[in-house]
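Here is how the chains run, residue by residue.
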Amino acid sequence: MEMLIVVAIIAILIAIAIPTFASSLNKARVATDEANIRSGYAAVMTEILTDEAHNVEGSTTGTTPATFTLKKDGTVSTTAGDDAYTTQGKPSDNVEIAGKSVNK
């Protein structure tokens, strides 16, 4: 009987711990996504400020805005491809980075 009570208590503790762990894991993934996106934003800003081909508005021709893509390896490119970065976390509706809502 005592062993059954001990097993029941352990099962209850595990049932409480698993959702807490999953929530913490998702928060860590969202924080990683935010850091990666901020890093990509900094790389784009550095590219725009140091490359003479880009004007202040971010275009290469003067009329067409330049489009930058954050890649899986953390680099930023002006060409889109299959290796675009996809967020790992499941952000809530109120996650914003640089004033933009972040979705998968």
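Residues numbered from 1 in each chain as written. Predicted model: local features only at pLDDT ≥ 70, side-chain atom pairs only at ≥ 80, totals over all residues. Heavy atoms only, no water.

Undergrad: Tell me about the overall build of the chain, and please be specific about residues and values.
TA: Scanning the chain for helices and strands turns up 1 helix and 4 strands. For the chain, the proportion of its 104 residues judged to be buried stands at 17%. Within the chain, residue pairs in contact and separated by at least 24 positions form 35% of the contacts whose partners lie at least 6 positions apart. Counting only carbon and sulfur atoms, one obtains 61% of the accessible surface of the chain, whose full area is about 7,900 Å². (Helix = DSSP H or I, 4+ residues; strand = E, 2+ residues; numbered from the N terminus. Buried < 20%, exposed > 50% of the residue type's maximum accessible area, 1.4 Å probe, protein only. Contact = heavy atoms within 4.5 Å. Areas by Shrake-Rupley, 256 points an atom, 1.4 Å probe, with all protein chains shown as cover.)

Undergrad: How would you sum up the environment of threonine 20? Please name residues and give values.
TA: Within the element layout of this structure, threonine 20 appears in helix α1 (residues 2–50). Among the polar contacts listed, one links the side chain of threonine 20 to the backbone oxygen of isoleucine 16, at a separation of 3.2 Å. (Polar contact = N/O pair within 3.5 Å; in protein donor to acceptor, adjacent residues only side chain to side chain.)

Undergrad: Give a detailed account of the confidence of the model for the chain, specifying residues and quantitative values.
TA: For the chain, per-residue confidence averages 75 on the pLDDT scale, and 69% of positions sit at 70 or higher. Per-element averaging of pLDDT across the chain places strand β3 (residues 96–97) at the bottom with 63 and α1 at the top with 85. (pLDDT = per-residue confidence, 0-100.)

Undergrad: Let's hear about the environment of threonine 46: which residues, and what values?
TA: Here threonine 46 shows up in helix α1. Accessibility expressed as a relative area gives 47% for threonine 46, which makes it partly exposed. A distance of 2.8 Å separates a polar atom in the side chain of threonine 46 from the backbone oxygen of alanine 42.

Undergrad: Explain α1 residue by residue, including any values.
TA: Between its terminal C-alpha atoms α1 stretches 71 Å, which fits the 72 Å expected from 49 residues at 1.5 Å a residue. Listed as buried for α1 are Val30, Asp33, Gly40, Val44 and Ile48. Of the surrounding secondary structure, the elements contacted by the buried residues of α1 are β1 (69–70) and β2 (76–77). (Expected span 1.5 Å × (residues − 1).)

Undergrad: Tell me what's going on with the side chain of lysine 71, and back it up with residues and numbers.
TA: Mapped onto the fold, lysine 71 is located in the loop between β1 and β2. The buried category is assigned to lysine 71, whose relative accessible area is 17%. In contact with lysine 71, not counting residues within four places along its chain, are Ser77, Thr79, Asp83, Ala84 and Tyr85.

Undergrad: Please provide a residue-by-residue account of the environment of valine 76, values included.
TA: Secondary-structure assignment places valine 76 in strand β2. The class of valine 76 is partly exposed, set by a relative accessible area of 27%. The spatial distance from the C-alpha of valine 76 to the C-alpha of alanine 43 is 6.7 Å, given a sequence separation of 33 residues. Setting aside residues no more than four positions away along its own chain, valine 76 makes contact with Gly40, Ala43, Val44, Phe68, Thr69 and Leu70.

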